[in-house]
Amino acid sequence: MCCPRFVSMLCRRTSLRVVAAAAVAAPGAALALNNAYNLAPYGTATATGSDFGGEIAYGIDGNRNGDFNAGSVFYGNANAENPPLFYAVDLGVEAYVDRIQIIPRTDATQGVFGNFRLTIAEDDGAGNPGAVVFSQDYNATNFESGTWATTAPDGARGRHVRMERLDNNYWLTFAEFEVFGSSEPLKFSESDNIARGKPVTVSSAPGFGAMLTSANDGNINGNFGGPGNRPVYHSALPGVGESWQVDLGAETQLDHLQLFTRGEFSRNDETGEVWSTTTEYRVSVLDAGLSEVGAFVVTPNALYSEDPDYDLLINTMGLTGRYVRVETTKDEYLAFSELRAFAGSGDPLLVGDYNQDGVISSRDYNVWRNEYGSLTSLAADGNGDGAIDAADYTVWRDALAAFTAGSPSMGVTIPEPTTLALVAAVGLVAVRRRG
Ligand SMILES: [Ca+2]
Ligand SMILES: [Ca+2]
Ligand SMILES: [Ca+2]
Ligand SMILES: [Ca+2]
């Protein structure tokens, strides 16, 4: 174990290079870490219809940008002649589903995530939905506007994922409909989450109606919600070091953690100013004597950014501890929807997986682009030399090629360095849809 007291970014990158040859896998194969990744971009989508240029395919194009004008937001109006209002994804393969996440439109608050049914169906043998393996109704007290998500499928295996409004009076719009899973059995799903329901202590009482249990209630929905529905933890006070800590009950080797942010943001409609509740988290693992055995600082892209984060993977690579602490590093409130913890011996991240989501994609390129020239923000330091430059782009490009090589039907647009400026301007389309 390198850096036993503090696992720095540089330390983690250094160990990545050692395993570079073994750490590349094609989609569908077991990945080195958590093998659940967003399958939807490899499938096809259908919907009641689309309006105002918000194409159906935009909901599964792998681009989370919620600005309608950026050309990646789905929009469909209810059609009284052809109810119900729905959005469905054919994954193309039977897959085990860990979680479903719907990343919202962000240029307007349109509160669409309420009163709908979510189903997963097996294939009937002819490419159509067959037996239903998962079905749940979500009847929100308010129509939510943030990131809506659930881990309830808990590994259910199916091919057709469908969201259908139970009323049919409104519209449906979002940036991305994400189905995290794998065609191979999942290494981890909700029933493996060892943080769920465990005792929690906090530095100040939860506030604004949040509860002590909010961040390990098994509910990853990012909407603060209404009475009786508080899936998001929120501290009563702002400040550096506002903390939430879960007791896993025993010293446990941790494969990895997942931190889900509060999936909402605030906007001042007069000034246009937008902000998130918590813009940076420090996540640490402590032993039974409360000594720190590892710490990670994670700075998620804001929900209203071009490439928002919501689900943050923290690779503990087999650190052993009893407590996991999440705290603020700035004078901010502490807010997040869930901390999941998974026991295991741990694995390194994929080479080139700069956003640590388990796959090599344009989102890693975005991290590299945003950090280009930096000597301090080193998530995209693929060659581990302490600087972000063209060499790290090459690491990502080669990793992307290797990642996709096992599945030739998924072509990838790989920009040359000389055209990077153009790519940055128009956005990189990572994955062509199969078929
Ligand atoms: Ca999109
Ligand atoms: Ca929660
Ligand atoms: Ca990635
Ligand atoms: Ca570098």
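Read on for a plain summary of the structure. Everything numeric in this text was worked out from a predicted model, so none of it was measured.

## Side note on the overall build of the protein chain
- In terms of helices and strands, the protein chain carries four helices and 20 strands.
- A total of 435 residues make up the protein chain; the buried ones form 55% of that total.
- The long-range share in the protein chain, meaning contacts at least 24 apart out of those at least 6 apart in sequence, stands at 75%.
- Element-wise, carbon and sulfur atoms account for 52% of the exposed surface of the protein chain, whose accessible area totals about 16,800 Å².

## Some remarks on the coordination of the calcium ion (ligand 2)
- For the calcium ion (ligand 2), every protein donor is listed as S214 (O), D217 (OD), N219 (O), P231 (O), S337 (O) and E338 (OE), and the spread of their distances is 2.3 to 2.4 Å.
- Given six donor atoms and angles of 73 to 169 degrees at the metal, the environment of the calcium ion (ligand 2) is assigned as irregular.
- Taken in sequence order, the residues that donate to the calcium ion (ligand 2) follow the motif S-x2-D-x1-N-x11-P-x105-S-E.
- Residue D217 is classed as partly exposed on the basis of its relative accessible area, which comes to 29%.

## Here we look at empty space enclosed by the protein
- All chains considered together, the criterion is met by three cavities of 30 Å³ or more.
- Forming the boundary of the largest cavity are eleven residues, of which R99, Q258, D311, L313 and D357 lie nearest the centre.
- Here the element with the most residues in the lining of the largest cavity is strand β18 (residues 311–314); it accounts for three residues.
- Of the residues in the lining of the largest cavity, the class split is five nonpolar, three polar and three charged.

## Here's the deal with the environment of N219
- Secondary-structure assignment places N219 in the loop between β11 (200–202) and β12 (233–234).
- Separated by 13 residues in the primary sequence, N219 and V232 have C-alpha atoms spaced 8.4 Å apart.
- In terms of polar contacts, N219 uses its side chain to reach the backbone amide nitrogen of N221, at 2.9 Å.

## Details of the coordination of the calcium ion (ligand 1)
- On the protein side, the calcium ion (ligand 1) has Y58 (O), D61 (OD), N63 (O), S72 (O), S72 (OG), A175 (O) and E176 (OE) as donor atoms, found 2.3 to 2.5 Å from it.
- The sequence motif formed by the donor residues of the calcium ion (ligand 1) is Y-x2-D-x1-N-x8-S-x102-A-E.

## Re helix α2 (residues 362–371)
- Of all ten residues that make up α2, eight are buried, and the element is covered over most of its length.
- What α2 keeps buried is the set S362, R363, D364, Y365, N366, V367, W368 and E371.
- Looking one or two places after α2, you find G373, whose phi comes out positive at around 90 degrees.

## Some words on the packing of aromatic side chains
- Following the criterion strictly, the structure yields 24 aromatic pairs and no others.
- With 6.0 Å between their ring centres and 80 degrees between their planes, Y37 and Y42 make a pair best called edge-to-face. Judged on exposure class, the residue Y37 and its partner Y42 are both buried.
- Taking 5.8 Å as the distance between ring centres and 35 degrees as the angle between the ring planes, the aromatic pair formed by Y365 and W368 counts as tilted. Of this pair, Y365 and W368 both sit in helix α2, separated by three residues, roughly a single helical turn. Of the two residues, Y365 and W368, neither departs from the other in class, the shared state being buried.
- Connected via pairs of aromatic rings, a cluster forms that spans Y365, W368, Y372, Y393 and W396.
- In this structure, R99 packs its charged tip against the face of F180, placed 3.9 Å from the ring centre.
- The ring of F86 has R162 sitting right over it, with the charged end atom 4.1 Å from the ring centre.

## Brief notes about the side chain of S189
- With respect to the helices, strands and loops of the structure, S189 is situated in the loop between β10 (176–182) and β11.
- Apart from the residues lying within four places of it in its own chain, the contact partners of S189 are D98, D154, G155, R340 and F342.

## Observations concerning the nonpolar core
- Counting residues in each nonpolar core, the largest one holds 48 residues, and the members touching the most others are Y87, L118 and F177.
- For this core, the secondary structure elements donating two or more residues are β4 (86–103), β5 (116–123), β6 (129–138), β8 (156–165), β9 (171–174), β10, α2 and α3 (390–405).
- If one sorts the elements of this core by residue count, β4 sits on top with seven residues.
- When neighbours within four sequence positions are excluded, L118 is seen to be in contact with I100, F134, S135, Q136, Y138, W148, T150, R162, M163 and F177.

## So, the packing of α2 against α3
- At a minimum axis separation of 10 Å, α2 and α3 run at an interaxial angle of 175 degrees. With respect to α3, the element α2 is oriented roughly antiparallel. When α2 is examined against α3, the residues S362, D364, Y365 and W368 are found in contact with a partner set consisting of A390, D392, Y393 and W396.
- Class assignment of the residues belonging to the contact of α2 with α3 gives a composition of five nonpolar, one polar and two charged.

## Side note on unusual backbone geometry
- Although it is not a glycine, L290 sits at a positive phi angle of roughly 65 degrees.
- Within the fold, L290 resides in the loop between β16 (281–286) and β17 (292–298).

The rules behind the values
- Residues numbered from 1 in each chain as written.
- Chains lettered and ligands numbered in written order.
- Predicted model: local features only at pLDDT ≥ 70, side-chain atom pairs only at ≥ 80, totals over all residues.
- Heavy atoms only, no water.
- Helix = DSSP H or I, 4+ residues; strand = E, 2+ residues; numbered from the N terminus.
- Buried < 20%, exposed > 50% of the residue type's maximum accessible area, 1.4 Å probe, protein only.
- Contact = heavy atoms within 4.5 Å.
- Areas by Shrake-Rupley, 256 points an atom, 1.4 Å probe, with all protein chains shown as cover.
- Donors = N, O, S within 2.8 Å, 3.2 Å for Na, K, Ca; no water.
- Tetrahedral: all angles 85-135°; square planar, octahedral: opposite > 155°, others 65-115°.
- 1 Å grid on protein atoms, 1.4 Å probe; cavity = no way out; pocket = protein on both sides within 12 Å on 5 of 7 lines; lining within 4 Å.
- Points joined across faces, edges and corners; volume = space filled by probe spheres on them.
- Nonpolar A, V, L, I, M, F, W, Y, C, P; charged D, E, K, R; others polar.
- Polar contact = N/O pair within 3.5 Å; in protein donor to acceptor, adjacent residues only side chain to side chain.
- Phe/Tyr/Trp six-rings, centres within 6.5 Å; stacked < 30°, edge-to-face > 60°.
- Lys NZ or Arg CZ within 6 Å of the ring centre and 35° of its normal.
- Core = buried A, V, L, I, M, F, W, Y, C linked by side-chain atoms within 4.5 Å.
- Axes fitted to C-alpha atoms, helices over the stretch in contact; angles between N-to-C directions.
- Parallel < 35°, antiparallel > 145°, perpendicular 65-115°, else oblique.

Such coordinate-based values are descriptive only and should not be taken to indicate function.
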